[in-house]
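Here are the chains, one letter per residue:
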Amino acid sequence: MNNNLGKQNIDIDAVVGKIQQFTVETPSWGYGDSGTRFKVFHWPGAARTLREKLADAAQVNQLTGICPSVAIHIPWDKEDDWQAVKEYAHRLGLRIGSVNPNLFQEDIYRLGSLCHVDKQVRQRGIAHVLECIQIAQAVDSNILSLWLAEGTNYPGQDSLRGRRHRLLESLQAIYAALPTGMRFLIEYKFFEPAFYSTDLPDWGTSLLMAQKLGSQAEVLVDTGHHPQGTNIPQIVAQLLDEDRLGGFHFNDRKYADDDLIVGSLNPFELFCIFNEIIDAGAEGNANAGRIAYMIDQSHNIEPKIEAMIQSVLNIQTAYAKALLVDRAALRKAQEASDVLGGYRVLQTAYETDVRPLLAEVRARQGLNPDPITAFRSSGYAESVERERAAVATTSGYPGA
Ligand code: RM4
Ligand code: MN
Ligand code: MN
């Protein structure tokens, strides 16, 4: 183990305990074929059905030890017998996590769903989300996670305030149907597929909606959904302070909503996000303890399962490094108005090699210290490639 840690006022056993408790949800859609709007490349052995996606997710959970739940997308993962799905997941050591409605792939939604000017279309969208609430109940999930892919392409196309009023009304209808204990996470994204205005473009709009709805509604931060240069750690700090940080969709980006492997391009930003959460938690912020950490990635050219394991490891690494921040030294530097002192405290933690620490944590859990190598040598990828010879049939992506 890295023996410099003891010198940094860090309680290693406490850090190990926190790393052991930390979990990340993986998305069913990350295991199937998906792609860009130009081409969906078939990955040999990619999961074709919800059961195959769950089987792959079980591999990720077995190797990393920290991915016990899987997000589903309806209708991409729609099944008739949810009790059977739930039991199958349990047999694999998994449970179904967040349920994600789809309000963007029906012809009727060309101009929107929950904000559409036509009440019948709005009702259709609401009915779909209510069906997702029932599915969540059937699989014992307590998270409904909404991304709204709508807005306008041209000024004057629709009334911006009118759309906002319709949005609130639709969300209120959904909120009224939430059972006690179910959390309603409201995602935002600044553009795409609409390009002039998006109905839920930013965290502020999602937060306002959540506050109008009630305490079961919270904001979901997808790390790929902001304009260039946006300070995501600051958004996280504000949402924690408002007690409305529901969860994350982790992924990384270079230009737009690229859905690349989280931590592959901006690992320091990911570390700073966790630093805000751990800092708030250390001060007694209750929200910091109930955040749903989820991955939202679609792998186009990457081997699906390996990409997912890599993502999980990158998240765990950033989290572990943020646990190593010397909070007392940080506070001292901030109170002394030491402009670079606080930065150096963060830098010290960020530059710590946590690989030996994470290897130790895995060894204590009976896992292989190197999940990627373990996966590569397991033969699983080759065996599903043989078994799942046919081209994918049930991915949600057009052309897949
Ligand atoms: C969106 C958004 C949603 C995800 C879909 C597939 O960009 O991130 O969360 O469900 O993609
Ligand atoms: Mn997302
Ligand atoms: Mn996205």
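That block above? That's the structure.
Report follows, based on the coordinates. Worth saying up front: this structure is predicted, and the values here are computed from it rather than measured.

1. What to know about the site of ligand 1
Turning to step 1, where the next piece is worked out: All residues in the neighbourhood of ligand 1 are listed as H73, W76, W147, E187, K189, D222, H225, H249, D257 and D296.
Turning to step 2, where the next piece is worked out: One nitrogen or oxygen atom from the side chain of H73 is found 3.1 Å from an oxygen atom belonging to ligand 1.
Turning to step 3, where the next piece is worked out: Between ligand 1 and E187, the relevant distance is 2.8 Å, taken from an oxygen atom to a side-chain nitrogen or oxygen of the residue.
Turning to step 4, where the next piece is worked out: For ligand 1, the protein covers 93% of the area, taking 290 Å² as the surface of the free molecule.

2. Things to note about the pattern of salt bridges
Turning to step 1, where the next piece is worked out: Evaluated as defined, the whole model comprises 23 salt bridges.
Turning to step 2, where the next piece is worked out: For E52, the salt bridge identified is with R388, shortest N-O distance 3.6 Å. Placement of the pair is E52 in helix α2 (residues 50-64) and R388 in the segment after α14 (380-387), with a sequence separation of 336 residues. Taken as a pair, E52 and R388 share a single burial class, namely buried.
Turning to step 3, where the next piece is worked out: Here D158 ties to R163 by a salt bridge, and the two come within 2.9 Å at their closest N and O atoms.

3. Here's the deal with the coordination of the manganese ion (ligand 2)
Turning to step 1, where the next piece is worked out: Protein coordination at the manganese ion (ligand 2) comes from E187 (OE), D222 (OD), H249 (ND1) and D296 (OD), with a distance range of 2.1 to 2.3 Å.
Turning to step 2, where the next piece is worked out: Positions of the donor residues of the manganese ion (ligand 2) along the chain correspond to the pattern E-x34-D-x26-H-x46-D.
Turning to step 3, where the next piece is worked out: A separation of 4.0 Å is found between the manganese ion (ligand 2) and the manganese ion (ligand 3). Residue D222 is found in strand β8 (residues 217-222), and its partner D296 is found in the loop between β10 (292-295) and α9 (304-323); the two are separated by 74 residues along the sequence.
Turning to step 4, where the next piece is worked out: Under the relative-accessibility criterion, D296 is labelled buried at 11%.

Here is what the cut-offs are and how they apply
Chains are numbered independently. Their residues run from 1 in the order of the written sequence. Note on labels: chains are lettered from A, ligands numbered from 1, in written order. Local features are withheld for residues below a pLDDT of 70 in this predicted model, meaning they are given only at 70 or higher, and side-chain atom pairs are given and counted only at 80 or more; totals for whole chains, interfaces and linings count all residues. Side-chain numbers come from the whole structure's heavy atoms, not from hydrogens or water. Proximity criterion: a residue is near a molecule or strand once any of its heavy atoms comes within 4 Å of it. Distance and chemistry together define a polar contact, namely a pair of N or O atoms within 3.5 Å, with one atom able to donate a hydrogen and the other to accept it when in protein, and with adjacent residues in sequence counting only for side-chain atoms on both sides. Using a 1.4 Å probe, accessible areas were evaluated by the Shrake-Rupley method; residue-level cover was limited to the displayed protein chains. A pair is scored as a salt bridge if a Lys or Arg side-chain nitrogen falls within 4 Å of a carboxyl oxygen belonging to Asp or Glu. Helix numbers and strand numbers start at the N terminus; a helix is a DSSP run of H or I with at least 4 residues, a strand a run of E with at least 2. Working definition: with a 1.4 Å probe on protein chains only, accessible area under 20% of the residue-type maximum means buried, over 50% means exposed, and in between means partly exposed. Water is not among the atoms examined, so metal sites may look incomplete; donors are the N, O and S atoms within 2.8 Å of the metal, or within 3.2 Å for Na, K and Ca.

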